[in-house]
Amino acid sequence: MNIPIVRRILEKNDQAAAENRSRFGELGVRCVNVLGGAGSGKTTLLEMVIPRLLDGLRIAVLEGDLATTRDAERIAALGVPCAQLLTDGGCHLTAAHVQRALPHVPLAELDLLIIENVGNPICPANFDLGEHVRVSVLSVAEGDDKPSKYPLLFKDAHAIVISKCDLLPFVRFDLERAKADLRLVNSHAQVFEVSTRDDREAARFAEFLRRDAQ
Ligand code: MG
Ligand code: ZN
């Protein structure tokens, strides 16, 4: 009896997602949905890449969280428009939630709208927000078993960021094994191995976003 209810929610979400996507299309905005578990480094990744893109792109960010405006404050400190989407305990963003937040960013003036989803490796992957590009973030601190344990998180991603690679000497994470498992789930996504010590991969990821938004 649960299955029809789930399907109805997703159908309603798909409709709102399609509305968002056509609105973005009319205004020439590319939308990126960033997914990953709590503490995977999504906000830190945005702090690394957004400053690299501000020379050519007009960017705004929607920050999804269960509570607090802490991540939105970090993003606003970069000088980009940012709205906080609070789910009040909800474990994912929906397309309707994004729709309600759109009046709070200067959508018509943007090239790129980045949505940081609620930190959760499971259900956010089931909810299309109307994005054009999906980015999944996995930190090495989470363990190299996650690509096979949470395949949905990675299945539809256009880019997969393996974050916190500076921690590799200290954690049990076999990078080659993780990448092989990721390829089994998703053979087309570009993979970026990002470290806060060395910004070359973050720069390469920024260029991936720039190419997409232009
Ligand atoms: Mg965050
Ligand atoms: Zn959820």
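Structure first, text after, so check above.
Residues numbered from 1 in each chain as written. Chains lettered and ligands numbered in written order. Predicted model: local features only at pLDDT ≥ 70, side-chain atom pairs only at ≥ 80, totals over all residues. Heavy atoms only, no water.

Colleague: Break down the coordination of the magnesium ion (ligand 1) for me, with residues and values.
Modeller: The coordination sphere of the magnesium ion (ligand 1), as far as protein atoms go, consists of Thr43 (OG1), Asp71 (OD) and Glu116 (OE), spread over 2.0 to 2.1 Å. Donor residues binding the magnesium ion (ligand 1) come from one chain and are separated in sequence as T-x27-D-x44-E. Highlighted residues: threonine 43 in helix H2 (residues 42-53) and glutamate 116 in strand E4 (residues 112-116), separated in sequence by 73 residues. Judged by its relative accessible area of 5%, threonine 43 is buried. (Donors = N, O, S within 2.8 Å, 3.2 Å for Na, K, Ca; no water. Helix = DSSP H or I, 4+ residues; strand = E, 2+ residues; numbered from the N terminus. Buried < 20%, exposed > 50% of the residue type's maximum accessible area, 1.4 Å probe, protein only.)

Colleague: Explain the coordination of the zinc ion (ligand 2) to me, using residue names and the numbers behind them.
Modeller: Surrounding the zinc ion (ligand 2) are the protein donor atoms Cys91 (SG), His92 (ND1) and Cys123 (SG), at 2.0 to 2.2 Å. Read N to C, the donor residues that coordinate the zinc ion (ligand 2) are spaced as C-H-x30-C. Of this pair, histidine 92 sits in the loop between strand E3 (82-86) and helix H4 (95-101) while cysteine 123 sits in the loop between E4 and strand E5 (133-139), and the two are 31 residues apart along the sequence.

Colleague: I'd like a rundown of the sheet that holds strand E1 (residues 30-36), residues and numbers included.
Modeller: Strands pair in a sheet through their backbones, by hydrogen bonds, and they do so in one of two ways: parallel or antiparallel. Spatially, 7 strands are ordered E3-E2-E4-E1-E5-E6-E7 in an open sheet, and the strand pairing comes out parallel. With one partner strand each, in any of the chains shown, E3 and strand E7 (190-193) form the two edges of the open sheet. Each strand of the sheet is rotated relative to its neighbour by a mean of 20°, with strand direction disregarded. By the bridge criterion, 5 bridges tie strand E2 (residues 59-65) to E4 in an arrangement that is parallel. Along E4, the bridge assignment pairs valine 61 with isoleucine 114. (Pairing = 2+ DSSP bridges. Axes fitted to C-alpha atoms, helices over the stretch in contact; angles between N-to-C directions.)

Colleague: Would you mind going over unusual backbone geometry in detail, with residue names and values included?
Modeller: The backbone phi angle of threonine 68 is positive, close to 75°, even though this residue is not glycine. Owing to a relative accessible area of 44%, threonine 68 belongs among the partly exposed residues under this scheme. The backbone of lysine 164 sits at a positive phi, close to 60°, despite the residue not being glycine. Looking at the secondary structure, you find lysine 164 in the loop between strand E6 (159-163) and helix H7 (175-185). Lysine 164 gets classed as partly exposed once you look at its relative accessible area, which sits at 29%.

Colleague: So what's going on with the pattern of salt bridges? Which residues, and what values?
Modeller: Under the defined criterion, the tally for this structure stands at 17 salt bridges. Among the salt bridges present, the one from lysine 146 reaches aspartate 145, with a minimum N-O distance of 2.8 Å. Between glutamate 201 and arginine 204 there is a salt bridge, and its shortest N-O distance comes to 2.8 Å. Pair noted here: glutamate 201 and arginine 204 are both in helix H8 (residues 200-213), with a separation of 3 residues, about one helical turn. In this structure, a network of salt bridges that share partners links the residues Glu47, Asp71 and Arg74. (Salt bridge = Lys/Arg side-chain N within 4 Å of Asp/Glu carboxyl O.)

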